[in-house]
Amino acid sequence: MADPILKIEGLEVAVDNTPILKGVDLEVPQGEVHALMGPNGSGKSTLAYALAGHPRYEITGGSVMFGGQDLADMGADERAQAGLFLAMQYPVEVPGVSVMNFLRTAVNATRGEEVPVREFARLFKEKSDLLTFDPSFADRYLNEGFSGGEKKRHEILQMALLEPAFAILDETDSGLDVDALRIVAEGVNAQRGPDLGVLIITHYTRILNYIRPDVVHVMFDGRIARTGGPDLADHLEEKGYVEFGSAETAAAPR
Amino acid sequence: MADAPTWADDARSAATAALDALPALTGAEEQWRFTPPADLDMNGDTPAGVAAGTGTVALPAASGRAARLAFADGTPDPAEILDLPDGVIVSELGAALETHEALVRDRLYSLAGFDDRPGALNGAGWDAGTFVFVPRGVEVTLPIETILTATGATGRVFGRTLVIVEEGAKATVIDRYLSPDLDGVVQASTVVELFVADGGELEHVSYIGWGRGVRHQATIRAAAGKDARVRSVNVTLGGDVVRVEPTVYCRGTGADARALGLYFATGDQHFEHRVVSRHEAPQTYSNLLYKGAIQDTAHTVFFGNLVVPPGAPGTDAYQTNRNLILNEGARADTIPFLEIETAEVKCSHAGAVGRVDDEHLFYLMSRGVPEREAKHLIVYGFFQEVLDEISFDALREELEAAARAKVR
Ligand SMILES: Nc1ncnc2c1ncn2[C@@H]1O[C@H](COP(=O)(O)OP(=O)(O)OP(=O)(O)O)[C@@H](O)[C@H]1O
Ligand SMILES: [Mg+2]
């Protein structure tokens, strides 16, 4: 088995002083695709933001090692430069910043070198074609007025351009129509290989039928409550999360 | 100037007399609360001709301009590049006092006279002057540009611009201010008077790109006739202490005035913008939009005022000032004001000082962009709303590049 690209031990995270993650243990060997499922409010996005380095998500205990580096010491930008990518559940709109300018800046920043304009243009065209991302979006402002599905596609376009070592997809599948889901899944599968680890956060097995996970984890009330193979996802789809606790706890963990 | 006509000499004497008669500014005056008048040498204590360290200014290429006048340290000996439609005049103002007396005499000093110290100081001392005249119905597609440079060879520079756009004519005029970083202090005083007759259109861009050491008081006044359109765009990036006072006068029914501005203050720069629209006729429109970013220990002040005297029903007037503070220690004050004495008007004003949105910053940083660069991307994005209003593409791109270059 390859060395884990991501190794989370006893991770505790608080948001605005409210403890949300209460001791998460999770390991993803490089090259594997893991799914993370769990009821609303169980802490999946909190884990994703904490890994990506959002300053509001404070690590209060435990550790996260990313390819041998301790993430706690790194800013969000350094984590991305080290190869971590988060496709966000709710990508924000940044007024006045053009998509093209943003993407170029991001590619240059993660590569640590200025990519020549022509090479970038070629790269952008190649990846937009792959993901059927309308290139006219290049002149629009970042996520401004994008539909829900367009925002998600744009997240995956960024993943394709930045070529991370590890990608977290936080509900990238919600809001995508059937065709878009297939295209996005194909995009992820095209990048799949020994140099990419993936954590797919989702509520649905549909995306997992396109991108078969090696391992499925269930998060419940701020902890990993169960880990299993791909069938665990089907089991959850059928049975829900009642067996992990009361429906009330699932809806609003304390 | 020795060979100026008598009327012009008389005006200069009147300005000098006003300077002697007006009380010295102390800083206790309401309009001078934020910028010490002494910082801008408003009492005229700095002897002219004192060197402030020297450097050279590389003039930007004149391509893409219909005409350009460049004044080094205020010397009225400009290089001219002209490709103008028939009847359009672009001339050094000192010469135009005589050669174009019929056009100049009635207008010069009529929007900005000698009733306050900045006006009197400039009236008494200006040398680098530009005169632009666009006759009835003529359209000048490319911008006409004046560049006033300071190299530090003298302690003071004065600029004066007079623009007349006749009925139905159309032009873009840029006043640009440049210098290298200087060891000493150079005081700059500039006055711009803009006249746009009925149905005319003028976009005026004041681009303040001084280096370190320059302190600048700038007055810009624009009068719009019936159904005329005026855009006063002000970009303030350079200089140690800069105070810009643009006023748009809606003088004819249907006049449409926009005052747009952006400023980016870094280091210990101090910028004050006092922007006013005066509605002196019924059914006029004005819209002031100023956006600024403030970094390091810089300080900016925005004072905006919509003035609607009696007899201007149907006025539609808006003003917005937004500021982005980039770090602890940077400061912005915003004072939006209204003086409305007519019923049946639509007016709104808003001023805001905020920080960079954490979610915006995180999004960019999560793509590997370092914090400082991410903040600057956000700043340029924030400015875009103003830049998008600049109709001349090449000029918009130049200003975008200038804002970017500022912090490289
Ligand atoms: N600032 C905050 N203060 C208190 N609680 C918060 C704060 N931010 C988030 N939470 C709570 O943290 C919990 C976990 O939220 P999170 O977004 O991680 O859930 P999730 O598993 O991603 O849910 P979903 O499936 O709905 O996306 C929720 O109960 C949420 O209300
Ligand atoms: Mg979530």
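What you see is a predicted model; the values in this text were computed from it and never measured.

Definitions and limits used
Residues numbered from 1 in each chain as written. Chains lettered and ligands numbered in written order. Predicted model: local features only at pLDDT ≥ 70, side-chain atom pairs only at ≥ 80, totals over all residues. Heavy atoms only, no water. Pairing = 2+ DSSP bridges. Helix = DSSP H or I, 4+ residues; strand = E, 2+ residues; numbered from the N terminus. Axes fitted to C-alpha atoms, helices over the stretch in contact; angles between N-to-C directions. Contact = heavy atoms within 4.5 Å. Parallel < 35°, antiparallel > 145°, perpendicular 65-115°, else oblique. Left-handed = near helix turned anticlockwise from the far one by under 90°. Buried area = accessible area lost by both parts, 1.4 Å probe. Salt bridge = Lys/Arg side-chain N within 4 Å of Asp/Glu carboxyl O. Polar contact = N/O pair within 3.5 Å; in protein donor to acceptor, adjacent residues only side chain to side chain. Nonpolar A, V, L, I, M, F, W, Y, C, P; charged D, E, K, R; others polar. Donors = N, O, S within 2.8 Å, 3.2 Å for Na, K, Ca; no water. Buried < 20%, exposed > 50% of the residue type's maximum accessible area, 1.4 Å probe, protein only.

(A) Seen up close, the sheet that holds strand 7 (residues 170–178) of chain B. Residue and element names in this part refer to chain B. In spatial order, the strands read 2-1-5-7-9-11-13-15-17-19; together these 10 strands make up an open sheet with mixed pairing. The strands lining the two open edges of the sheet, one partner per strand, are strand 2 (79–82) and strand 19 (346–355). Direction aside, the axes of adjacent strands within the sheet are offset by 5 degrees on average. The pairing of strand 13 (residues 256–265) with strand 15 (residues 285–294) spans 10 bridges and is classified as parallel. Bridging across to strand 15, Leu 262 finds its partner in Lys 291. Sitting on the sheet, helix 7 (residues 393–405) touches strand 7, strand 9 (201–209), strand 11 (229–236) and strand 13, and the angle it makes with strand 9 is about 20 degrees.

(B) Quick peek at the packing of helix 4 (residues 117–130) of chain A against helix 5 (residues 148–162) of chain A. Residues and elements named next belong to chain A. Where helix 4 meets helix 5, the axes come as close as 10 Å, and the angle between the chain directions of the two elements is 130 degrees. When the axes of helix 4 and helix 5 are compared, the pair comes out oblique. Judged by the twist between their axes, the crossing of helix 4 over helix 5 is right-handed. Between helix 4 and helix 5, the contacting residues are Leu 123, Phe 124, Lys 127 and Ser 128 on the first element and Leu 157, Ala 160 and Leu 161 on the second.

(C) Structural view of the interface of chain A and chain B. With 34 residues of chain A at the contact, the number on the chain B side is 20 residues. When chain A packs against chain B, the two sides together hide about 2100 Å² of surface, and 66% of this comes from carbon and sulfur. Remark: the boundary between chain A and chain B carries 1 salt bridge. Between A:Glu155 and B:Arg367 there is a salt bridge, and its shortest N-O distance comes to 2.6 Å. Our count for the contact surface shared by chain A and chain B stands at 11 residue pairs in polar contact (both at pLDDT 80 or more). At the level of secondary structure, the elements contributing two or more residues to the side of chain A that touches chain B comprise helix 1 (44–52), helix 2 (76–81), strand 6 (84–87), helix 3 (99–111) and helix 5 of chain A. Among the elements that line the side of chain A that touches chain B, the one with the most residues is helix 3 of chain A, at 6 residues. Looking at the side of chain A that touches chain B residue by residue, the classes come out as 20 nonpolar, 10 polar and 4 charged.

(D) Spotlight on the coordination of the magnesium ion (ligand 2). Residue and element names in this part refer to chain A. Distances from the magnesium ion (ligand 2) to its protein donors, Ser 45 (OG) and Gln 89 (OE1), fall at 2.0 to 2.2 Å. On the criterion of sequence distance, the pair formed by Ser 45 in helix 1 and Gln 89 in the loop between strand 6 and helix 3 is long-range, its members being 44 residues apart. For Ser 45, a relative accessible area of 19% gives the class buried.

(E) Focus on the environment of B:Ala24. Residues and elements named next belong to chain B. As for its placement among the helices and strands, Ala 24 is situated in the loop between helix 1 (6–21) and strand 1 (67–72). Overall, Ala 24 belongs to the partly exposed group, its relative accessible area being 48%. Taking C-alpha positions, Ala 24 is 8.0 Å from Arg 117, a pair spaced 93 residues apart along the chain. Here Ala 24 is in contact with Glu 29, Asn 43 and Arg 117, once residues within four sequence places are set aside.

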